[in-house]
Amino acid sequence: MTLPSLFADPTYRIFMALAQYPILQTRIRARMRQELFDRGLMTPNQFKELVREQAIASQGREGLTDPFSEEPEDVWRERLDQVRDTLTDLYFANNFGYELFEEVVRQALEERGAASEDWLISMNAELAPQELLVDQAVAISRMPPEARARYEPRLQEIKVVLIRSMISDQLAYIKIAKKWFTLSDLVDIRERKIGKGRVGGKAAGMLLAKRILTEIADEDVKRSVRIPESYFLAADVMYGYMAYNDLMHWAEQKYKPPEQIRSEYLQIQKEYLAGQFPPDILDNLQNILHKVGKKPLIVRSSSLLEDNFGTSFAGKYDSFFCPNQDTPEENLKDFTRAIAAVYASALKPDALLYRRKKDLLDYDERIAVLIQEVEGEQTGDYYFPQAAGVAFSRNLYRWSPQIQRDAGFLRLVWGLGTRAVDRVGNDYPRLVALSHPLLHSHAEPRAIVGYSQKYLDVIDLKANKFRHIPASEVIDPHNPILRYVAHLYQDGYLAPIRSNLVKDKHGDVVVTFDEMLRRTPFADRMKRILQFLEQNYESPVDLEFTARILNPSTASPDVELTILQCRPQSQLQETVAQAPANLRKEQVLFATKRVLLYGRVDDIRYVLFVSPEGYFSLPTPSARHFLSRAISRLNALLEKETYICVGPGRWGTANPDLGVRIGYGDIFHTRALVELSGAGVGTAPEPSFGTHFFQDLIESHIYPLAVYLDDPDAVFKRPFFYKTRNRLLDFLPDAAELLDCLRLIDVQDYKPGRRLDLVMDGEEGRAVAYLTTPEPEPQEAV
């Protein structure tokens, strides 16, 4: 029989940590043996004889045929000591529970005076278990100020060790977190945590942001900011689940070729979803469901690498809503399946290829799970927040010169915030520049209507599922929130809703959030929150949130803000770039004034072009899927080349009718993604700034651009894109069916000896791609 779970418990680590105190360790084991004798499991003589028998048996296993003559007495006594200790551990662990072991350890500590001041500073905090460290920290914190001063360094060490063992081992995070977390914060996290490992990056960012704002923000911010009711499934539980369900063979997945990673993922999902949780973990999950009752839950990934400086992993791992409206048995089934699906997403192709690109494959990446009550309120059969979105302390999308970059930016939606962070179908969030919150990104009322939100993401309580619904389904003229969220579009103008007499069809109701931005402290408060966090993170930040208007029927409504997530904002090292002043017309291949960032890409050899006509003529979804796979294969083959992608509509959209449906893992070697619209191609895509897809581009130094072909200043040289030789079959001989749709252009086929430079001048608001002669390679001196 092997050692049971008692000795995997952190309290047993107390015992192992005391290896530096042989006398104390011996005393603890002596007490453990006495419990065996006192409770009648065996007599001292029986135990002594058992030790002798096992020691002789161990000699035989080592090949000693005459133990008494072949082994010196001192070696024999050391053998007896080791066997005695092992049998003590084994019999105690197999027969007694955790509480008795803890009592034995604590009695031994008290007898030695382990709670004395000298012992407080003599024990190695790095080896000690969390329980003992917390006890020490509490003891120090309760000392009188004059006595406590001596132990402040010890308290700081304990705090750092607890942060590293329970929350995150990332040094950039620890540097900030140790300034803010209190002992009470760490104890609360431990009490809400299942498992012994860390809670992961997503939970870490949320907790730190709340603590910073609670300490230093203005009083109105302190009163209005909260986090959801949250529970943590620590990262070590993932490996326990894999071992319990014979899934460990998938741990090597990250080292396989990309096509194999993709082809095996469906099988991985199937096997993970078929698994079961160990009984002790299942009991803890049932307890969570009992506590939350019928409130909807969201099960969110919170990996060890997630939301770190330079590697946000935005959208790489999955999260799932659990409506939680069925029977207790079915709710538990849905809940555990959601967790298993989050674990499976650790092996998603996009996630593994992202790690490969970031040189993070060799890190022991495990997924913790953040379990939260969904923020919102019930409206009819639907459950959703009044407002949700993602906020950035630095605004990279300035649609007007008066917008200030450092004032912040929001993507704001009605309903669940999934529509703010994903590139969804033909729908749009409200873009808010916090320096000028009422300034729309489009000036004409008709354009504001066209680029407004038409659908909501909600939890359907009656159907017990997550849904997308038309906004018209939840427009209630008697709901006081409506006048903060929407405007009326009448006779070519937008006007505030002043009356309950909204037309039955609601076709004139447009989601704008103008009155919320005008009449509540929401915009100003968000701007200050972002500034506080950026200052103390020592980095720009992005924040996922929900908002609730507390007293909508009063003259001075207030707003409550719930922080769902906070992380360093992905940034691209922008460089001041200007195109040559004397460019000739024939040099320019495309140009646009729709620029988000500034910088340059030099010596572009290849242009991957998806022709709008060819793409929208593809006859079936499988043909479009084949195109996506072909782009992915080209991306791998062009790893050593400098290339850009140009195509219709939205790159990375979830709706293939609006553009090419690809993921980060399909295009991460490209240097720019250019989106074409207008001139029969389709509606100009809204900027993806703020979406998870945009985060990927920024972290990988991929520039996003939009060319609206109907803009009078736009340039798009069709002969280059349509008449230059197509090199597709040179790279993919089996892709002949895509020749009318997918073109791979070698710039030198258009103009021999030339390359393409792409310059994005963010201050001037213009990007231009132009032909140039590559600089000659420097010659070594003879």
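As a reminder, the structure under discussion sits directly above these lines.
Every value quoted in this text rests on a predicted model; they were computed, and no experiment measured them.

1. Brief notes about the environment of Leu709
Tracing the backbone through its elements, the reader meets Leu709 in the loop between β25 (703-708) and β26 (715-716). As a C-alpha pair, Leu709 and Ser677 span 32 residues in sequence and 6.0 Å in three-dimensional space.

2. A closer look at helix α18 (residues 328-344)
Over its 17 residues, α18 extends 24 Å from the first C-alpha to the last, a length consistent with the 24 Å expected when each residue adds 1.5 Å. Listed as buried for α18 are Asn331, Leu332, Phe335, Thr336, Ala338, Ile339, Ala340, Ala341, Val342, Tyr343 and Ala344.

3. Section: the side chain of Asp514
Tracing the backbone through its elements, the reader meets Asp514 in helix α23 (residues 514-519). For Asp514, the side chain forms a polar contact with the side chain of His440, separated by 3.0 Å.

4. Side note on unusual backbone geometry
Even without being glycine, Asp491 reaches a positive phi, approximately 55°. With respect to the helices and strands, Asp491 occurs in the loop between β14 (486-490) and β15 (493-496). We classify Asp491 as exposed; its relative accessible area is 76%. The phi angle at Asp603 is positive, at roughly 55°, despite the residue not being glycine. Structurally, the position occupied by Asp603 is in strand β21 (residues 599-604).

5. Quick word on the environment of Lys585
With respect to the helices and strands, Lys585 occurs in the loop between β18 (559-568) and β19 (588-592). Residues Lys585 and Tyr770, spaced 185 residues apart in sequence, show a C-alpha to C-alpha distance of 9.2 Å.

6. Quick word on the nonpolar core
Ile167, Trp414 and Phe522 are the most contacted members of the largest nonpolar core, which has 82 residues in total. With residues near it in sequence (within four places) discarded, Ile167 still touches Leu162, Tyr173, Phe181, Leu186, Ile189, Arg198, Val199, Gly200 and Ala204. Ile281, Tyr343, Ala351 and Leu352 belong to the second largest nonpolar core, which has 38 residues in total.

7. Things to note about the sheet that holds strand β3 (residues 230-233)
Here we have five strands laid out as an open sheet, ordered β1-β3-β6-β4-β5, and mixed in their pairing. Both edges of this open sheet fall to β1 (193-194) and β5 (319-322), since each of them pairs with a single strand only. Here strand β4 (residues 297-303) runs beside β5; their pairing, made up of four bridges, is antiparallel. Pairing of Leu297 across the sheet is with Cys322, part of β5.

8. Remarks on a negative patch on the surface
Negative charge collects at one region of the surface, where Asp326, Glu329, Glu330 and Asp334 lie side by side. Along the chain, Glu330 turns up in helix α18. Taking relative accessible area as the criterion, Glu330 reaches 33% and is therefore assigned partly exposed.

9. Overview of helix α16 (residues 258-273)
Helix length check: α16 (16 residues) gives 23 Å between terminal C-alpha atoms against 22 Å at 1.5 Å per residue, within 8%. A maximum bend of about 40° is found in α16 at Tyr265. The set of residues buried in α16 consists of Ile261, Arg262, Glu264, Tyr265, Ile268 and Tyr272. Looking at the buried positions of α16, the neighbouring elements they touch are α15 (236-244), α18, α19 (349-357), α26 (621-637) and α27 (664-667).

Reading the values: the criteria
Residues numbered from 1 in each chain as written. Predicted model: local features only at pLDDT ≥ 70, side-chain atom pairs only at ≥ 80, totals over all residues. Heavy atoms only, no water. Helix = DSSP H or I, 4+ residues; strand = E, 2+ residues; numbered from the N terminus. Expected span 1.5 Å × (residues − 1). Buried < 20%, exposed > 50% of the residue type's maximum accessible area, 1.4 Å probe, protein only. Polar contact = N/O pair within 3.5 Å; in protein donor to acceptor, adjacent residues only side chain to side chain. Core = buried A, V, L, I, M, F, W, Y, C linked by side-chain atoms within 4.5 Å. Contact = heavy atoms within 4.5 Å. Pairing = 2+ DSSP bridges. Patch = residues over 30% accessible without salt bridge, like charges linked within 9 Å, V, L, I, M, F, W, Y side chains within 5 Å. Areas by Shrake-Rupley, 256 points an atom, 1.4 Å probe, with all protein chains shown as cover. Salt bridge = Lys/Arg side-chain N within 4 Å of Asp/Glu carboxyl O. Lys, Arg positive; Asp, Glu negative; His and termini not counted. Charge placed at Lys NZ, Arg CZ, Asp CG, Glu CD. Bend = angle between axes of the 7 residues up to and from the residue.

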